[in-house]
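Take a look at the letters that make up each chain.
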Amino acid sequence: MKSIITSFLLIGICNFSFAQQEFGKQDQSVISEFDKLAQTPPMGWNSWNKFGCNVSEKLIREMADAIVSSGMKDAGYGYVVIDDCWQTGRDEKGNIIVDKDHFPNGMKPVADYVHSLGLKFGIYSCAGSKTCQGRPGSRGYQFQDAHQYAGWGVDYLKYDWCYNEGQDAKAAYKTMSDALKACGRPIVFSICEWGENKPWEWGKGIGHLWRITADIRDCYDCKFNWGGVGVLQILDKALTINQYAGPGHWNDLEMLEIGNGGQTEHEYRSHFAIWSMMSAPLMAGNDIRSMDSLTKEILLNKEAIAINQDKQGKPAFRFVELNGIDILVKALSDGDVAFLFINRNNFKVDLNYNWNFDTVYDESLENGSLYMKRAPRKIKNIWTQQDMGTTDSPLSKVLEPHESLFLKLRK
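Residues numbered from 1 in each chain as written. Predicted model: local features only at pLDDT ≥ 70, side-chain atom pairs only at ≥ 80, totals over all residues. Heavy atoms only, no water.

(A) Geometry of the sheet that holds strand β5 (residues 120–126). Overall, parallel pairing links the eight strands, which are arranged β9-β8-β7-β6-β5-β2-β1-β10 in an open sheet. Across the chains shown, the open sheet's two edge strands, defined by having one partner strand only, are β9 (250–252) and β10 (282–284). Each strand of the sheet is rotated relative to its neighbour by a mean of 25 degrees, with strand direction disregarded. Strand direction decides the pairing type here: strand β1 (residues 43–46) and strand β2 (residues 79–81), joined by three bridges, are parallel. Of the residues in β2, the one forming a bridge with Gly44 is Tyr79. (Pairing = 2+ DSSP bridges. Helix = DSSP H or I, 4+ residues; strand = E, 2+ residues; numbered from the N terminus. Axes fitted to C-alpha atoms, helices over the stretch in contact; angles between N-to-C directions.)

(B) Local environment of the UniProt feature "domain: Alpha galactosidase C-terminal" (unreviewed entry) in the protein. Listed under "domain: Alpha galactosidase C-terminal" (unreviewed entry) in the UniProt record, and renumbered for this structure, are residues 324–409. In residues 324–409, the share of helix is 0% and the share of strand is 49%. The end C-alpha atoms are 23 Å apart. (UniProt positions renumbered as here; feature names shortened; annotations may be inferred.)

(C) Structural detail: the nonpolar core. Core analysis: the biggest nonpolar cluster contains 96 residues, and Trp86, Met107, Phe189, Phe272 and Trp275 have the highest contact counts within it. With seven residues, helix α8 (residues 169–182) is the largest single contributor of residues to this core. When sequence neighbours within four positions are dropped, the list of residues in contact with Trp275 reads Ile216, Val231, Ile234, Leu253, Glu254, Leu256, Ala280, Pro281, Leu282 and Asn308. Core analysis: the second largest hydrophobic core is formed by 22 residues, Phe317, Val329, Leu365 and Leu405 among them. (Core = buried A, V, L, I, M, F, W, Y, C linked by side-chain atoms within 4.5 Å. Buried < 20%, exposed > 50% of the residue type's maximum accessible area, 1.4 Å probe, protein only. Contact = heavy atoms within 4.5 Å.)

(D) Structural view of the sheet that holds strand β20 (residues 404–410). Taken together, the six strands give an open sheet; going across it, the order is β11-β12-β13-β20-β17-β18, and neighbouring strands pair in antiparallel fashion. Since the sheet does not close on itself, it has two edges, and those belong to β11 (317–322) and β18 (387–390), each with one partner. For this sheet, the mean angle separating the axes of adjacent strands, direction not counted, is 25 degrees. Sheet topology note: the strand β17 (residues 378–381)/β20 ladder contains four bridges and is antiparallel. By the bridge assignment for β20, Lys378 is matched with Arg410. This element, helix α10 (residues 265–277), spans β12 (325–331), β13 (337–343) and β20 of the sheet and lies at about 140 degrees to β13.

(E) Just the state of the cysteines, in detail. Counted under the stated rule, the structure contains three disulfides. Two residues, Cys132 and Cys162, share a disulfide whose sulfurs are 1.9 Å apart. The sign of the S-S torsion, about 90 degrees, decides the handedness of the disulfide formed by Cys132 and Cys162: right-handed. With Cys132 in the loop between β5 and α7 (142–152) and Cys162 in the loop between β6 (156–160) and α8, this pair connects stretches of sequence that are 30 residues apart. The disulfide partner of Cys219 is Cys222, and the S-S distance across this bridge is 1.7 Å. (Disulfide = S-S within 2.5 Å.)

(F) A look at the packing of helix α4 (residues 57–69) against helix α6 (residues 108–116). Between α4 and α6, whose axes approach to 10 Å, the crossing angle comes to 10 degrees. Comparing the axis directions of α4 and α6 gives the class roughly parallel. The segment α4 lies against α6, with Glu57, Ile60, Arg61, Ala64 and Asp65 engaging Pro109, Val110, Tyr113 and Val114. (Parallel < 35°, antiparallel > 145°, perpendicular 65-115°, else oblique.)

(G) Quick look at the pattern of salt bridges. Across all of its chains, the model carries 26 salt bridges by this definition. Asp178 serves as the salt-bridge partner of Lys174, at 3.0 Å between the closest nitrogen and oxygen. With Lys174 and Asp178 both in helix α8 and four residues apart, this pair spans about one turn of that helix. The class of Lys174 is partly exposed, set by a relative accessible area of 39%. (Salt bridge = Lys/Arg side-chain N within 4 Å of Asp/Glu carboxyl O.)

(H) Here's a closer look at the environment of Asn46. Along the chain, Asn46 falls in strand β1. Of the residues examined, Asn46 reaches a relative accessible area of 2% and is grouped as buried. The sequence separation of Asn46 and Ile60 amounts to 14 residues, and the corresponding C-alpha distance is 9.8 Å. Setting aside anything within four residues of it in sequence, one finds Asn46 in contact with Val81, Asp83, Lys158, Met255, Ala284 and Gly285. At a separation of 2.7 Å, a polar atom in the side chain of Asn46 contacts the main-chain amide nitrogen of Trp48. (Polar contact = N/O pair within 3.5 Å; in protein donor to acceptor, adjacent residues only side chain to side chain.)

(I) Here's a closer look at the environment of Met43. With respect to the secondary-structure elements, Met43 resides in strand β1. Given a relative accessible area of 4%, Met43 falls into the buried group. As for Met43 and Gly78, which are separated by 35 residues in sequence, their C-alpha atoms are 5.8 Å apart. Beyond its immediate stretch of four places on either side in the chain, Met43 contacts Ala75, Gly76, Tyr77, Gly78, Tyr79, Leu282, Met283, Ile305 and Gln309.

(J) Fine view of α6. The set of residues buried in α6 consists of Val110, Ala111 and Val114. Taken around the axis of α6, the buried residues stretch over an arc of 95 degrees, which confines them to a single face. Along its buried surface, α6 packs onto α4, β2, β5 and α7. (Arc of directions from axis to C-beta.)

Following this line, the structure appears as structure tokens:
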């Protein structure tokens, strides 16, 4: 027993020395590079929602190919992220071991292939002793793992919170943040502790995005006793903390479920419109190789993506709630404004909205307000790309259950 304890202590001392050595290399320029990452919400694809633990080199290569051939790369989807289950253990030196059955060539060739297509490569780990699927986590190996990720060519790290064993969340995520800053490669850091410790209050400078709720489920309006939530539940949380998001530090509303089959067309359109309005990372979670025309139309809508990627980075705010219809407003950097009317009801609603009835006030708006009676705006429908007149005339539309009306108001 004594020899086992001694060996354990020696391993701990070696890892700590490695961490000190690597952290000592960190300088202000590296931190500055870290802070410059993710100036707009990250866009890409993550394996978890569709494939769970069924990940492999073949799958990732095929998905990277599909991102290019489908037009998603050209639309801005740049990251290909492998979620949990790619790792099986650690070797005698403490290095993380890649699952040889599913990644027979190791991880670097996968990253190299993704990079050869002009895309960026992401990976998953966990702040705990184990990942959520029981694979080895990074606790005690943060600097060693970050160094290994950099050697593979990792550009993005999603960092989970399972088996955290009572750690202080801010301290745990700062440790990995410091490790990434010391690894010699710019890596976007995605904090995934489900909003349990209010990361929006301390995450800026530690990570580039942080989850705000429990895991998303492929449903529009739902909540599960074991933690899963739907689109509307995530929206309601995001609206209470929208002031914390901006260039380089984003509220992560979770990966997209569009194309996975659990929602109606209206719900999927609303899902994407909400993420666009809230300046949320757009990480597709479907099988891109077999997208139907509707999924492709939604994910590739240039106007919606432009609203999401607007350089001002101001998430929408809820202007008013009217008979179960949420009206969200998002200021854009060129002075234009996006409006989203969301029917939260399970029944049809007649929308009759007088643009000139109320002045919209918010500090994010140009000159702090939007008074359309004095300065009418041209209206464009984001989904149909059609012009809908001006704000001189009232807006009238029958909204189906969970349907939304996504508009851009131009000067």
